[in-house]
Every structure is written in C-alpha cells, then in structure tokens.
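Listed here are the chains, written in short residue letters.
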Amino acid sequence: MSNIITQLPIEEGFYMPGEHHPQCEVWMAWPVRSDNWRNGAKPAQKTFVDIACAIAEETPVVMVVNQVQYANAREQLPAHIKVIEMSYNDSWMRDIGATYVINSQGQRRGVSWQFNAWGGLVDGLYFPWNLDDQVAEKMLSLTNDDRYQAPLVLEGGSIHTDGEGTLFTTEACLLHPSRNPELSKQAIEAHLKQYLGVEKIIWLPHGIFNDETNEHVDNVLHVVKPGEVILAYCDDPKDPQYLWSQQALQVLENERDAKGRALKIHKMPMPGPLYMTEAEAQNIDSSDGMMRQAGERLAASYANFLITNQRIVYPLLDERYDATAKQVLESAFPEHQVVGVAAREILLGGGNIHCITQQVPQRIR
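The structure reproduced in this document is the subject of the present report. Model, not experiment: these values are computed from the prediction.

## A closer look at the side chain of Glu345
Item 1. Relative to the helices and strands, Glu345 resides in helix α12 (residues 344–348).
Item 2. Every residue in contact with Glu345, bar those within four places of it in the chain, is listed here: Trp37, Arg38, Pro43, Ala44 and Thr47.

Here it is as structure tokens:
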C-alpha cells in the first residue's frame, strides 16, 4: 500500500541518495512498442534480457511487462528475475518509475513526478502517455513505500544527485517550453530542493546532440560519488557535440558542489558518431513523434551506464572506443566490477542502459 504524504520531503529530512548508495532492487520494463523498437521489439527484448541478467548477478531485478507479453517475457528471462504484470506505454523505467528518497531514520519513500512523454503536445514522442504516468504510483505500492506527488513535469533521466546536496541537470531539458513553461528557473529549483532534499543545482547548458529527450543529463554526465563526475567529452571541433562538451566542462570546472568541493572530472570518450542504418530503419511502424529513419544520428554516449552496488553495467556501442570507456570506468570505480553489454538496440530506441533502469535504494538500518 502506498499512501500519499502531504508534507514536503525536505520538511521531514528526506533526500534522494546518489546512485552509489546501496540498492535492494533494480526495476525495468519490457519493450513492446512497434513504432519505437524494430521488428516488433524482438531484438530489443533480447538486449533487455542481457542487461537484466548482467544486473541480476549483483542486484535483484524486477521486470514489469504488459498482459499480452507476460508469457513471452517470463519464458525469456531466467527464473531469478521477478516478472510483474503492469500496464505502461513504453519501457523507459528511469523516466516513468518512482524516484526514491530516504532519511537518516531508516525510512524510504518515493516521489511520483508528472510524465508527459518528453514534451506533451508540444514535442512529446507519443500519445497517449497516461499509463506511463501511473507507473510510479504502482511501483511504490509494490515496494510498499509512501508517496509524494510532485507538481512538476520531470523525468528521472533529467536529474543526477550526489546524495550530499548537489543535483546536476540540463537547461535544455528542464527549461524546455514542453515541460513546465509556467515556472521560472528559480521556481523549478525550489521544487527540486523541496522534493529531493538538495541544496545546490548545477545546470549544464546542453546534453548530447540529437537526444530526443531534450537532452537529459544522464546521457552526458554521471555522478561517480560526491565531488566526482564522468563527462561525455567530444574532442572533434567539427562535431556539433564539441561545443556542448566544452560548455559543460567549463561549467563543471568553475562550479563548487553543495559542500564547497571542486569537482574531479573524468572525461569519457564519445562513440561514433553513430547513425541508424537502412536495415535498422526497416520494420519500424510509423510514428508522429519519434524519428526512426536511415541516416539519423544516434545520441550515443558511454555516460549512460548504471551503478548498481559493486557493479557497473555500461553499454558497448563502438568497438573503436568500448575498451577505452571501460578503462575510464575502472579508473573512476576501482572497487567495482565493470561489465559491458552490447546495447545498440537500446540506442536505436532512443536511450541506453541508465534510461531503462531505475534503482530502489536500501533503507538505512
């Protein structure tokens, strides 16, 4: 049972922990949309299985799946991965799932944001999105956590926190007219501080070029731990990503976090540029919101990985740079096991490993 809490999280000492905080579960949602995933989502389903298995070696995984696909998902997934029937519109659990908050008394609750498919009627990727908007509430009911209902359109992939008062986001997404056009930057900051228990917000101007989420921060930056981040960094001056990476680096080099620390920045190389091929563009149903055509530049980034307890699960995207990406991760996470999973099928759908996962932090005992 999930009860609605009327007080603000910050009033009761609740805050969003960093992804490095111990986790009890990771949630995912089975891909099914034939206007997003090619060949009826069959290739994507295989990749979701691979990613779920890689996570489940370290942390229990819960896969939600709709009624029609339940038997198929249950057959493809190993027995130790829990499968739960649930209705939803697409499989981006990071953005549709609950954002969990904890306090120092050992309690855990969740925040349910308003979801509008990355843009609503302005530039949303599909309609309707009402089932996705209900996922966070259902998730919190199943994890037995009380709920805060936030008055803000926001996706989980648009924020990263360090668990010690600092939040990272992008102006391109949170200030986009398709999210909360009635709110000023200061008003949005106030909501983030109230619902996530943060003190300082660091705004990057942009994310990754051609990212259809309006440039989520989780595709360009990842928090390693308090005071330390990984930044997707393009070093080709002819690439449109180059200027955006330079701008992000300048912001991070000149900012201090909520505790007054200068940030240690690990530069992560960019794969590609990568583009959708003719073969990959075939057998995708037409869509009003999603561009799925040959030659489209893919918003590929190694920063879109998952920290789950003592394991890092990162996407293998480009054999020219996969090994270098692993070296950067091993340097940043010397006590973690770094595991790569071939993830181009997720990229073709518009995101990657971080986008399709949502961690449930352990309650503090």
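What follows picks up the thread again.
## A word on empty space enclosed by the protein
Item 1. Within this structure, the stated rule accounts for 8 cavities of 30 Å³ or more.
Item 2. Of the voids in this model, the largest cavity is the one considered here, and its volume is about 170 Å³.
Item 3. Forming the boundary of the largest cavity are 17 residues, of which Met16, Pro17, Arg94, Gln358 and Gln359 lie nearest the centre.
Item 4. Taken together, the elements giving at least two residues each to the lining of the largest cavity come down to β4 (99–102), β7 (160–161) and β16 (358–361).
Item 5. Broken down by element, the lining of the largest cavity gets its largest block of residues, 3 residues, from β16.
Item 6. Of the residues that constitute the lining of the largest cavity, the class distribution is 5 nonpolar, 10 polar and 2 charged.

## Points about the pattern of salt bridges
Opposite charge on two side chains makes pairing possible when the charged atoms of those side chains draw close.
Item 1. Scanning the entire structure with this criterion turns up 19 salt bridges.
Item 2. A salt bridge links Arg109 to Glu12; the nearest nitrogen and oxygen atoms lie 2.5 Å apart. Here Arg109, found in strand β5 (residues 108–114), pairs with Glu12, found in the segment before β1 (23–29); they are 97 residues apart in sequence, far enough to count as distant.
Item 3. The exposure class assigned to Glu12 is partly exposed, which follows from its relative accessible area of 27%.
Item 4. Close ionic contact of Arg147 with Glu137 constitutes a salt bridge, the shortest N to O distance being 3.4 Å. With Arg147 in strand β6 (residues 147–153) and Glu137 in helix α6 (residues 135–142), the pair connects residues that are 10 residues apart, well separated along the chain.
Item 5. A relative accessible area of 6% places Arg147 in the buried class.
Item 6. Glu137 gets classed as partly exposed once you look at its relative accessible area, which sits at 38%.
Item 7. Within this structure, Arg108, Asp145 and Arg363 form a network of salt bridges that share partners.

## Considering the nonpolar core
Item 1. With 53 residues, the main nonpolar core has Trp27, Met28 and Leu77 as its most contacted residues.
Item 2. Mapped by element, the contributors of at least two residues to this core are β1, α1 (42–56), β2 (61–65), β3 (82–85), α3 (93–96), α6 and β15 (337–342).
Item 3. Every residue in contact with Trp27, bar those within four places of it in the chain, is listed here: Val62, Val64, Ile84, Met86, Met93, Met139, Leu142, Thr143, Ile356, Thr357, Gln358 and Val360.

## So, the pairing of strand β12 (residues 264–269)
Item 1. Direction of pairing for strand β11 (residues 228–233) relative to β12: parallel, over a ladder of 6 bridges. From the neighbouring strand, Val229 faces β12, where its bridge partner is Ile265.
Item 2. Following the chain from β11 across helix α9 (residues 240–254) to the adjacent parallel β12, one finds a crossover that is right-handed.

## Comments concerning the sheet that holds β2
Item 1. Within the open sheet, the 4 strands sit side by side as β3-β2-β1-β16. Their pairing is mixed. Edge strands, defined here as strands with exactly one partner in the open sheet, are β3 and β16. With strand direction ignored, the average angle separating the axes of adjacent strands in the sheet is 25°.
Item 2. Here β1 pairs with β16 via 4 bridges, running antiparallel. Bridge assignment links Glu25 to a residue of β16, and that residue is Val360.
Item 3. Across the sheet, α1 lies against β1 and β2, angled at about 175° from β1, the strand it touches most.

## Quick look at the packing of aromatic side chains
Item 1. In the structure shown here, the tally under the stated rule is 10 aromatic pairs.
Item 2. Between Phe14 and Tyr148, the aromatic rings sit 6.2 Å apart at their centres with planes inclined by 65°, giving edge-to-face as the arrangement. With Phe14 in the segment before β1 and Tyr148 in strand β6, this pair connects stretches of sequence that are 134 residues apart.
Item 3. Look at Phe14 and you get buried, because its relative accessible area is 2%.
Item 4. Using a relative accessible area of 1% as the deciding quantity, one classes Tyr148 as buried.
Item 5. Here Trp118 and Tyr126 contribute two aromatic rings whose centre-to-centre distance is 5.6 Å and whose plane-to-plane angle is 85°, an arrangement assigned as edge-to-face.

## As for the sheet that holds β12
Item 1. Spatial ordering of the open sheet is given by β10-β11-β12, a layout of 3 strands whose pairing is mixed. Pairing within the sheet leaves two strands with one partner each, and these edge strands are β10 (221–225) and β12. Strand-to-strand, the axes of this sheet are offset by a mean angle of 30°, without reference to chain direction.
Item 2. Pairing of β10 with β11 involves 4 bridges; the strand directions are antiparallel. Across the sheet, Leu221 pairs through a bridge with Leu231, a residue of β11.
Item 3. Sitting on the sheet, helix α11 (residues 322–332) touches β10, β11 and β12, and the angle it makes with β12 is about 160°.

## Quick word on the environment of Gly349
Item 1. Structurally, Gly349 is set in the loop between α12 and β16.
Item 2. In the structure, Gly349 is positioned 313 residues away from Asn36 in sequence and 5.6 Å away in space, judged by C-alpha atoms.
Item 3. Sequence-distant contacts of Gly349, that is, excluding residues within four places in its chain, are made with Asn36, Trp37, Trp92, Glu212 and Arg292.

Cut-off values and rules
- Residues numbered from 1 in each chain as written.
- Predicted model: local features only at pLDDT ≥ 70, side-chain atom pairs only at ≥ 80, totals over all residues.
- Heavy atoms only, no water.
- Helix = DSSP H or I, 4+ residues; strand = E, 2+ residues; numbered from the N terminus.
- Contact = heavy atoms within 4.5 Å.
- 1 Å grid on protein atoms, 1.4 Å probe; cavity = no way out; pocket = protein on both sides within 12 Å on 5 of 7 lines; lining within 4 Å.
- Points joined across faces, edges and corners; volume = space filled by probe spheres on them.
- Nonpolar A, V, L, I, M, F, W, Y, C, P; charged D, E, K, R; others polar.
- Salt bridge = Lys/Arg side-chain N within 4 Å of Asp/Glu carboxyl O.
- Buried < 20%, exposed > 50% of the residue type's maximum accessible area, 1.4 Å probe, protein only.
- Core = buried A, V, L, I, M, F, W, Y, C linked by side-chain atoms within 4.5 Å.
- Pairing = 2+ DSSP bridges.
- Right-handed = clockwise from strand over helix to strand, strands pointing away.
- Axes fitted to C-alpha atoms, helices over the stretch in contact; angles between N-to-C directions.
- Phe/Tyr/Trp six-rings, centres within 6.5 Å; stacked < 30°, edge-to-face > 60°.

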